[in-house]
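Topology and contacts: notes
Chain by chain, the residues run as shown.
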Amino acid sequence: QVHLVESGGGLVQAGGSLRLSCAASGRANSMLILAWFRQSPGKEREFVAAIVGGGTYYADSAKGRFTISRDNAKNTLYLQMNSLKPEDTAIYSCAAGSISVSSSPGAYPDWGQGTQVTVSS
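Presented here is a report on the structure given in the accompanying data block. What you are looking at is a predicted structure, and each value in this text was computed from that prediction instead of being measured.

A short note on the sheet that holds strand β8 (residues 76–81)
If you trace the four strands from one edge of the open sheet to the other, you get β1-β3-β8-β7, paired in antiparallel fashion. In this open sheet, the two edge strands, each paired with only one partner strand, are β1 (2–7) and β7 (66–71). On average, each strand axis in the sheet is tilted by 20° relative to the strand beside it, whichever way the strands run.

Some thoughts on the pattern of salt bridges
Oppositely charged side chains are able to pair whenever their charged atoms sit close together. Taken as a whole and judged by the stated rule, the model has four salt bridges. Residues Glu 46 and Arg 38 are paired through a salt bridge, measuring 2.8 Å at the closest nitrogen-oxygen approach. Classification of Glu 46 by relative accessible area gives partly exposed; the value is 33%. Between Asp 88 and Arg 65 there is a salt bridge, with the nearest N and O atoms lying 2.7 Å from each other. One end of the pair, Asp 88, is in the loop between β8 and β9 (90–97); the other, Arg 65, is in the loop between β6 (55–58) and β7, and 23 residues separate them in sequence. Comparing Asp 88 with Arg 65 shows no difference in burial state: the two are buried.

Calculation rules
- Residues numbered from 1 in each chain as written.
- Predicted model: local features only at pLDDT ≥ 70, side-chain atom pairs only at ≥ 80, totals over all residues.
- Heavy atoms only, no water.
- Pairing = 2+ DSSP bridges.
- Helix = DSSP H or I, 4+ residues; strand = E, 2+ residues; numbered from the N terminus.
- Axes fitted to C-alpha atoms, helices over the stretch in contact; angles between N-to-C directions.
- Salt bridge = Lys/Arg side-chain N within 4 Å of Asp/Glu carboxyl O.
- Buried < 20%, exposed > 50% of the residue type's maximum accessible area, 1.4 Å probe, protein only.

Here you go:
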C-alpha cells in the first residue's frame, strides 16, 4: 500500500497559480503510476493528469495550463497549475497505481485525502 498526503491547496484569484504537492510513502517507488484527480460538489471525480516514467498525460481541461511532475528522490508528486479558472475549483487528490495509466479512478487503488483548491472570479 502507498500512503499519500497532499498539500498546497488554497484560495486564489482567477488567472493565478498554485502548486500542489503529494508526498508518497510506504510502497512508493519510481515505477508507480501517479495521477491527480479532482472532484467538485455534485460532480464525478475527474482525471486531471498522470505521470509514469518519462511520460505525462493530461485531460483536455489541463493541457497548456497544468504541469505534472515528480521528484523520485523525494517520493513527491507535483501539479503546477497556472491560469486558474473558477471552474478549476475542486478537491484535488493524488492517486497511485501500478497496472497502466488510466483516466478511470478505479485503476488507482491508493488515494490521498485531498486538498481544496478554490478559484475566485
